[in-house]
Each structure stands twice: as C-alpha cells, then as structure tokens.
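Next come the chains, spelled out residue by residue.
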Amino acid sequence: MTVVTYRIENNLGIISLNNPPVNALSHVLREGIVNAVQAAQSDDTQALILVCEGRTFIAGADITEFNKTPQAPSLPDVIETIENSQKPVIAAIHGTALGGGLETALACHYRCALASAKVGLPEVKLGLLPGAGGTQRAPRLTGAEAALDLITSGAPISADKALKLNLIDQIVEGELLSGAIAYAEQLLADKAPLKRVRDIAIDPASVPADLFEQYRKKLSKRARGQIAPQKIVDCVEAAVLHPIEEGLLIERGAFMECKESSQSSAMRHMFFAEREAAKVKGIGKETATRPIKSVGIIGGGTMGGGIAMNFVNVGIPVTLLEVSEEGLQRGLNLVEKNYSISVKKGKLTEAQKSDCLALIKGSTNYDDLADVDMVIEAVFENLDVKRSVFEQLDKVCKPGAILATNTSYQDVNLIAEATQRPQDVIGLHFFSPANVMKLLEIVRGAKTADDVIATSMALAKKIKKVPVLANVCYGFIGNRMLRPYGREAQLCLLEGGTPEQIDRVMQNWGMAMGPLAVGDLAGLDIGYKAREGQTEEQKGAPKTYCVADALVEMDRLGQKSGAGYYLYDPETRARINDPKVLTLVEEHAKAQGVERRYISDEEILKRLTYAWINEGAKILEEGIAQRSSDIDVVYVFGYGFPAYRGGPMHYADTIGLQEVYRSISELHEQTGESYWKPAALLETLAKENTNFQEWSARS
Ligand code: T1G
C-alpha cells in the first residue's frame, strides 16, 4: 500500500497520506512527505496541499517507534522541509490532528479544517511534551497562556476554538479536499505570503509577569510528581524569552529527557495496555454483538443511578426499577442532583440535562423489563438477594436479553445458576461513582457466551468506559488485590505506623489517596458489614481489622460521620489528625500482643506495593486476568494508581522480578505468614530472569 501519494491538479500539488489506522508519522510516512515536498519545489505547481485519507489527519508520531532506533528523516527534519518550502503548503485537517500531526500542520503556511475536526497536543498523557516544535510554534499563534492550557492538559479542542486561537486559519464546508483546493486558490489569488509560524515573535510584555510561576504551582498539585508538565512550562517560557532556534534546542533537550524517563515509559505502556485490555483472547473482532438499544437497571441507589447515567449520556434509554415508589423517587432525585451539579460546573447545559433525564423511565414493576436488551442488577451486595433478582429476571426478560450483575465480590456463576440462561449472564462491575470512574470490570461466568462478552466489551467503549475482562474469583482483579494492600496498611498501623504516615507515604509515592483516607471516604462500615458475613478464616487475623472494627463500633464511619481514622472539618472536609485514633491503635496493639516499633516509610511502601504484586502474580497464574497489563489498567483506571508508574505489574517489571522475589521471600521468612509466600509465577519468572509483560506476551 502506498503510504504517500503526490499528484498535480491544475496548479496545485496534492500530498495525500494513507497510513491506517490513524496516519501515525511512521518512518515511511516521514520519508514520503519529505520526498513529495522536495519534488514539488521544482515542478510547476504554485501551492501544495497536505491531506490524509481514512478517519483522521495525522494523529501523532508513531508511538510504537519510540523504543526503536530513530530513522531519518526525523519529524523535526520533516517540519523544516515543509516550513522552508518556497511554495505555500496548506494543511487540510479532518478527524483529530494530534501531537506530531498538529506540529506538522503548524509547519505548514496555512491550515484549514472541517468544522468537525479537533486538534491537540496530548503528548503529556504519554509523559512527553511536543518534541517537534509544538511548544515553540503553538504559543506564537495562541499566546503563552492558551498554549500552556493546551499542552499541559493534552486535551483536544474543536476546530472552532482552534480558529479563535489562530491554530487554524479557515474552516471549510462540505468535502475537505475540495474546500482545501478552493482555499488554496483563494490564497494564491490574494498573493498571500509564505506565512511561517516560526517568524512570529511573542512580545514578552503580552505575558503576565508571574504566569509561569503560577502555572508551575498549579501543576505541582494537579500533576503532582510528574516531570513532563513542568518541562512544558519551561519550554513555553523559552518560546517567550528566546529566538526560536534556541527555543527548539531547549524543547529538544526537554523532550529527550522525558522520552527516556521511566514516567513516559510507564505512560506509553498504559496507552497500549488500555487498548489491549479490550481484546479478548479467543474471541475475534468479527464476533457478532447483540444490539443494545434499551437497558433496565435494578436498584436506584448510588450505583444504580450512576450506572443509569452512563447509558442515557450516550442516548440509550433506561428503565430504572426499584421495589417501592419512595425508593424509586429517591433514585431519580439522586440522578437529577448529579446532573444539576454538572450543569452548575458548566460541563452540561440545562437542555442536555433534560434530554438525559427524559431517557430514564422509573418503574416498580419487573414486567416493564420484558423488552429491554440488557438488565444490570445493582442491588444490595448479598448473594441471596441477587439470586432472587435473577430468578425474577429469568421469568420476565425476553430471550437473548443480557442479564448483568454489578456485584463487587459475589460469584457470578452462582448468580447465573439462578436462571435457565447462564450463557446470557455476565458481571459488569462498575466503580463508584459509576458515572465518573472509567474502569469497568467485565466478569466472565463459566457459561457466559462469547457474543455476550463481545457485546459487553463493545458497550463499554460506547459508554466511554475502559473494560477489563476477569474470570470469577473473590473480588475479581481489583478488589482481590485491594485486600492484601489493606491488610498491610492495617498491620503497619498496628506495628508502629500512624494513619497520616501511611497515607502520606502512599500519596507522596503517587496514589491519589492513601489507604486509610480511602477507607474514610468509602465508609468504614462497608468493610465491617462485609466481615459480618465472613467466616473467621475469610476475615483473616483480627489484627488486620481490629482497629477498623473498633472505629465503626465507635460510630466513626469516616467522612460520612465526620470522623474515622481522621477527623473531618464539617465545612471543608479537610482531614485532621486525631490523637484519639493513635491511642486506640496503641490499645489494640497491646491487646493483640503486638510490640509497637519504628516503621520506616520505605518499609510501608514496600509492604503495601509488594502485597499488590504478589496477589497480581497469583491472579495471572490462576488465569483470572488475561495479561499483566490488564491488571495495570484496573489499578490505574479504578484505584487511583499513578499512570506515570504504569500499574502494579509494570512497576514490578521496572524494579526487576528478581529483586521483588527476594524482598517478598524475605517478608515471608520474617513474618512466617503464608500470604507472603512468593507466588509460584513470580518465583518462576524471577528464576528465568524475565518479567510479567514478556510472560503475558507469550502466554
Ligand atoms: N502511534 C501508534 N499507534 C497508534 C497511535 C500512535 N500515535 N494512535 C493510535 N494508535 C493505534 C492504537 O494503538 C490502536 O491500535 C489504533 O491505532 C486505533 O487507536 C513528536 C512525540 C487518534 C484519538 O498521543 O489518542 O506525536 O489497538 O483505539 O479510539 O511531538 O488513538 O487497533 O492495534 O485509540 O478512534 C501523540 C494517540 C503521539 C494520539 C483515535 N499522539 N492516539 O482514537 O482509536 S506522541 C497521541 C489517540 C507525538 C510529537 C510527539 C487515539 C485517537 P490497535 P484507538 P480511537
């Protein structure tokens, strides 16, 4: 397939790129562009148009090439060739011109786009920064502050906004190439000059004196611990202070530093991991999916209401079923309140809110679910209650309707057995708040049909979730790994730590919140109630939950009761250390015969992170997760794990499994606890001197 074609139409040279799926700037594409522009310098064309076939204009550098030896021409070489053309080059943009794609367009002399197009510089999401002049050319068109917003957020903007920011010069109606040709002809007729963005100087006086310092402060909170955002500020500042030649050198140096960083390696890993997770081994892309045009949701609580919003947000009508009118109204009010908050924040218009609410029908009668294509049960986390719901659904729902449970822990197979159609039963585990959290654990029952899995995967993408497939076990992937993590947090607390030390260690390491603060946020009574239904063996050693139980029995449930491991300011909800909790911990340590000692931050970090890794290794060897990167996706998208560390299994691979195995073996010897016995897979991979990613690739 020819990746770059060059043809002459009247007095115009058309350079057309065709590198599916997203016209990424692979070596072949870069070479083809340079050859075409150079060839055009000596033919009798008067202007050139750079246009792409397929779904989008260039969506960036080819990320798969980053770990390979660079091949000339580099993207900066391409940029220079275009910019130094003696004939105007016009970029014709559709789809998403992102990263190196937008940088290529900024090297052109003019840019036109369809109104539906978007442009952006998302490199920061890969732990990078625009490395082909984006930090130097964008501010020359948009101004420094708008450039900082664009590049540090990495968010794409509409063609309309890009026009207002001077990133594009013209929005074309109708068919893109025709519009671009007409625009080019107009420029020639107007004898428009060779407008090179690099020649624009930024007047330092136009930039607020404290802009960059203020932006650095803001990013130190918003992008805590991340390298690339701070370097983006440095580069944009250089665009204001220095000539472009110097600015480009500063940008190149910063780009290479980011590219070589473990943070970028982790975030590039996550980019592909997220996409790989949607692929199910043994179920091909061609598997027919069942149409999902209407959905029923059982349970109008926090979860049910949040789940309902995901569907109506994309235009899928929902029947929300509750047992009583009062419960139903409470659920509908909750949804309405959530939408009102979004409207207040300017994320939604009143009209959009009304459209969404109009798609939700309330009911207290199972018969109203007779025609829906899918039902998602989100009732109380009790197996018997769920089984009785599924018995009802089995009687009422049409053949072929998918029956999904939102259970966080229960055995999907036992729920499926309550029906005559286990092949139609699946787990769809949403994370609270369900209308916000991106992760969706899709739990495959032993008899779940392949097309039900394929349908669920496709539906996840439609409702803007990130799906990960799990087989059945207690807690599936995420919650199963959360238990040892929570266990070690409790033990570190009892053995000598404090709530603020444990949470500080994990938050400074990059977690959105520390484990005890998370417990307070979710409500300590959730774990308490779960333990009430467990055997002594399932609960584990009392020292792993005695403090948590004591707090609940003191009515300290966490944020919702104003106190848990911390006190909470009733106005700001700020966390306040409470000496009474430390006294309680000391009392329970004594009662459990635990001699408190100094525990270092390093020990806390190692025990909590290695607890994740050891359980993750067991999840892999049991086949609960398809691949190690799926576990990484679960933790980054569902548990606040820092993307710039790539998820627990990637983190283990970066440490090296021999070191991880040695440390866990040491913990096993020190504690004598069976749960610290290294997972068999970890031992094998350590001895083979390989890693989880490589093992997953060959499994
Ligand atoms: N390189 C290589 N492969 C890519 C790619 C890229 N830039 N973008 C997408 N793919 C693959 C992806 O892995 C998937 O493959 C398929 O294309 C469809 O993607 C120098 C250094 C464009 C909005 O960060 O945001 O330029 O799974 O499932 O949902 O300054 O892809 O089918 O085998 O995501 O329609 C900057 C990344 C790069 C854009 C389309 N650019 N891509 O979304 O499809 S760094 C980006 C996206 C850079 C310069 C710097 C999205 C999309 P497979 P998809 P989609």
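Everything below is about the structure printed above this text.
Per-chain numbering applies: the sequence of each chain, read as written, is numbered from 1 onward. Selection of residues for local features in this predicted model requires a pLDDT of at least 70, selection of side-chain atom pairs for listing and counting requires 80 or more, and totals for whole chains, interfaces and linings are taken over all residues. Each side-chain value is worked out from all heavy atoms of the structure, with water and hydrogens disregarded.

A. Spotlight on the site of the ligand. Of all residues adjacent to the ligand, which total 27 residues, the nearest are Arg55, Ala61, Glu103, Glu123 and Arg275. In protein, a polar contact requires one atom able to donate a hydrogen and another able to accept it; more generally it is a pair of N or O atoms within 3.5 Å, and residues adjacent in sequence count only if both atoms are side-chain atoms. Contact between the ligand and Lys279: an oxygen atom at 3.0 Å from a side-chain N or O atom of the residue. Side-chain polar atom of Lys461 to an oxygen atom of the ligand: 3.5 Å apart, as the coordinates give it. Here the ligand has 1000 Å² of accessible area as a free molecule, and 77% of this is covered by the chains. In this text, near means that some heavy atom of the residue lies within 4 Å of the molecule or strand in question. Accessibility throughout is a Shrake-Rupley quantity obtained with a 1.4 Å probe, and a residue counts as covered only by protein chains that appear here.

B. Structural view of empty space enclosed by the protein. A pocket here means an open set of points on a 1 Å grid, computed over the protein atoms alone, that has protein on both sides within 12 Å along at least five of seven lines. A cavity is instead a set of points where a 1.4 Å probe fits but cannot get out; residues with an atom within 4 Å of a point line either one. Grid points are joined across faces, edges and corners, and a volume is the space filled by probe spheres set on the points. Scanning all chains against the criterion turns up one cavity of 30 Å³ or more. Of the pockets and cavities examined, the largest cavity occupies roughly 30 Å³. Lining the largest cavity are Phe311, Leu428, Leu440, Ser456, Leu459, Ala460 and Ile463. Helix and strand assignments follow DSSP, with helices taken as H or I runs no shorter than four residues and strands as E runs no shorter than two, numbered in order from the N terminus. If one sorts the elements of the lining of the largest cavity by residue count, helix H17 (residues 450-462) sits on top with three residues. For this classification, Asp, Glu, Lys and Arg are treated as charged, while Ala, Val, Leu, Ile, Met, Phe, Trp, Tyr, Cys and Pro are nonpolar and the rest, including Gly, are polar. The residue inventory of the lining of the largest cavity, partitioned by class, reads six nonpolar, one polar and no charged.

C. Inspection of the packing of aromatic side chains at higher detail. The aromatic pairing rule takes the rings of Phe, Tyr and Trp, using the six-membered ring of Trp, and pairs them if the centres are within 6.5 Å, calling planes under 30 degrees apart stacked, those over 60 edge-to-face and the rest tilted. On inspection of all chains with the given rule, the structure shows 13 aromatic pairs. Look at Tyr485 and Trp612: their rings are 4.2 Å apart centre to centre, the planes differ by 5°, and that puts the pair in the stacked class. Taken together, the residues span a long stretch of sequence, with Tyr485 in helix H18 (residues 478-495) and Trp612 in helix H25 (residues 601-621) at a distance of 127 residues. Ring plane angle 75° and centroid distance 5.0 Å describe the contact between Trp509 and Tyr651, whose orientation is recorded as edge-to-face. A residue pair is termed long-range when its members are at least 10 positions apart, and Trp509 in helix H19 (residues 499-509) and Tyr651 in helix H27 (residues 648-655) qualify at 142 residues. One exposure class covers both Trp509 and Tyr651, and it is buried. Grouping aromatic residues by their ring pairs yields a cluster made of Phe431, Tyr485, Trp509, Trp612, Tyr635, Tyr639, Phe641 and Tyr651. Here the guanidinium or amino end of Arg275 rests over the ring plane of Phe271, the centre of that ring lying 3.6 Å away. Only Lys NZ and Arg CZ are tested; either one counts as a charge over a ring when it is within 6 Å of the ring centre and within 35 degrees of the ring normal. The positively charged end of Arg575 is found above the aromatic ring belonging to Tyr566, 5.2 Å away from the centroid. Throughout this description, buried means an accessible area under 20% of the type-specific maximum (1.4 Å probe, protein chains only), exposed means over 50%, and partly exposed covers the range between.

D. Representation of the sheet that holds strand S7 (residues 118-120) within the structure. A pair of strands is treated as paired once DSSP finds two or more bridges between them. Spatial strand order, S5-S7-S8: three strands in an open sheet with mixed pairing. Because the sheet does not close on itself, it has two edges, and the strands there are strand S5 (96-98) and strand S8 (157-158). Of the pairings in the sheet, the one linking S7 to S8 comprises two bridges and is antiparallel in character. Across the sheet, Val119 pairs through a bridge with Ile157, a residue of S8.

Don't take any of this as a statement about function, it's just geometry.
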